[in-house]
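Commentary on secondary and tertiary structure
Listed below are the residues making up each chain.
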Amino acid sequence: MRLLCLLVVFHVAFAGENTSNADSTKQYLDLNDAEDNAFLWKNLFIKLNKVVEATEKFEENFKNINTRFDELAKTQNEQESRLPKLNANKVPESKWTTILRRQDASVNFDRRWNEYKNGFGNPDGSFFIGLEMLHRLTTMGVTQELLVVLVDYENETRYARYDSFRIDSEEEKYAITELGSYTGDAGNGMSWHKNRKFSTIDQDNNAGSIRDCPNTFKGGWWFHDPCYSGHLHGPYRSKQDSNTWGVSWDPWRKWNVSLKYAAMMIRPKMQKEQEGRLNEVEQKMNANKVPESQWTTILRRQDASVNFDRLWNEYKNGFGNPDGSFFIGLEMLHRLTTMGPTQELLVVLVDYENETRYARYDSFRIGSEEEKYAITELGSYTGDAGNGMSWHKNRKFSTIDEDNNAGNLHTCPETFKGGWWFHDPCYSGHLHGPYRSKEDSNTWGVSWDPWRKWNVSLKYAAMMIRPKM
């Protein structure tokens, strides 16, 4: 049957063709004619050889493709197995807030107490966020977890992760008062420093007497005799000079070897109720998941336990209960939105019918106290709560004792209570107003005009930020 098909094909293919073997007047090949028969079989084998060659080439290409797919799959599996380290090395800004980075020798870390207190360096390069901000970040909100990422001069990446991390106040010398369970492959280089106070060249708070650690090993740290297990504030060494102490992690590359790269990052854990609200928001944002750790809460209103009608300095420094209703503080908000990558803003709202809505802005920045903590940057809006923040863009913050509203229609802080970025006729969204019960919610308070109108108060409101990737 196959031969018959081939004969038909070649009958069509060669009908009308003329060579020295066939009469030019012939319209069809005659299988009973010896010359025609020989001509047909000759061309048949030529064609079959070409088919065989093409098939062999196809099989070789297919084999190469499969090999390449296997290589790609192997590479992908390797990347996925290293994902925690790779992601951390790249510092995905949507997940972690970087508090320390060492990547070159451009910034000197052998500094005095006040410099470590306030922070220094280039947020896009080598820098330290500052002890005061680190204290406030780890105490004025939910529990933070810590991630340490290390890269040696062989470009091997390792990490150490702790499920809780807290830094105490300046009065307590910024001691590490909480350090949770360790996981990772870099070794537990931080546990030696738990409950230890911070020391610098001009303020040595190390309780031991074996060494003057800040002067011996340079750079401020939570030293503890015989000085350190991990020390990421030491001198940055080139590859040629790396066989001595510097940016060091004893459990991995030993105390007297310096690393190529080091970073410390934190991110908050979240309460189940908050996670549930974010999960509801995430579905609306068409995300596969909004991880609980991605957002840093800067404001929460969930009950009437905290009075928000406060003076300028209270709004500057922050107030409330980080596990309940609170405001993180304008100064910290300014530094969080300016001392690193661009931040995005998420506003989550819940009314007394338990409907949840959100407003998301792809950038958010707060100016300095000299600029009256104005909203100097507010990016594009997405969401279903309505754009309640754009009215307040470029507006200065006002409180009952410092009204920076350029308009004169209202004395907004006195009229509507609570500090805010007021702009006549006062607000589109105002989340610092009086908290109202369900029975009293049909008036202004914690309000969002584009959704429930300016004169209706909500059950829950939160503002969150995260670094934009």
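Summarised in this report is the structure supplied together with it. Once a new chain begins, its residue numbering starts again from 1 and follows that chain's sequence as written. Residues qualify for local features only when their pLDDT is at least 70, as the model is predicted, and side-chain atom pairs are given and counted only at 80 or more; totals for whole chains, interfaces and linings, by contrast, use all residues. With hydrogens and water set aside, each side-chain value is computed from the structure's full complement of heavy atoms.

On to a nonpolar patch on the surface, then. A cluster of nonpolar side chains, namely W41, F45 and L48, defines an oily patch on the protein surface of about 270 Å² accessible area. Residue burial is assigned from relative accessible area. The probe radius is 1.4 Å, only protein chains are included, and a residue is buried under 20% of its type maximum, exposed over 50%, and partly exposed in between. Taking relative accessible area as the criterion, W41 reaches 31% and is therefore assigned partly exposed. Patch definition: residues with relative accessible area over 30% and no salt bridge; like charges joined within 9 Å; nonpolar side chains (Val, Leu, Ile, Met, Phe, Trp, Tyr) joined within 5 Å. With residues, only the protein chains shown are counted as cover, and all accessible areas are computed by Shrake-Rupley using a 1.4 Å probe. When a carboxyl oxygen of Asp or Glu is within 4 Å of a side-chain nitrogen of Lys or Arg, the pair counts as a salt bridge.

Right, let's talk about the nonpolar core for a bit. The term nonpolar core refers to a set of buried residues drawn from Ala, Val, Leu, Ile, Met, Phe, Trp, Tyr and Cys, joined through side-chain atoms within 4.5 Å. Judged by nonpolar contacts, the single largest core of 89 residues is most densely connected at L232, W249, L431 and W448. Note on contacts: a residue pair is in contact if any heavy atoms of the two residues lie within 4.5 Å. Beyond its immediate stretch of four places on either side in the chain, L431 contacts L299, R301, V347, L349, W420, V446, S447, W448, A461 and M463.

Time to look at unusual backbone geometry. The step from D225 to P226 runs through a cis peptide bond, and the omega angle for that step is 0 degrees. Helix and strand assignments come from DSSP, with helices taken as H or I runs of at least 4 residues and strands as E runs of at least 2, each series counted from the N terminus. Position of P226 relative to the elements: it lies in the loop between α6 (213–217) and β8 (230–231). Along the chain, D424 connects to P425 via a cis peptide bond; the corresponding omega equals 0 degrees. By secondary structure assignment, the location of P425 is in the loop between α11 (412–416) and β18 (429–430). Its identity as a non-glycine residue notwithstanding, N155 has a phi of 65 degrees, on the positive side. Looking at the element boundaries, N155 is found in the loop between β4 (144–151) and β5 (157–167). One non-glycine residue, N195, lies in the positive phi region at around 70 degrees. Mapped onto the elements, N195 comes out in the loop between β7 (182–184) and α6.

Turning our eyes to something else, we now look at helix α5 (residues 131–139). Of all nine residues in α5, seven are buried; the element is thus mostly enclosed. Within α5 the residues assigned to the buried category are L131, M133, L134, H135, R136, L137 and T138.

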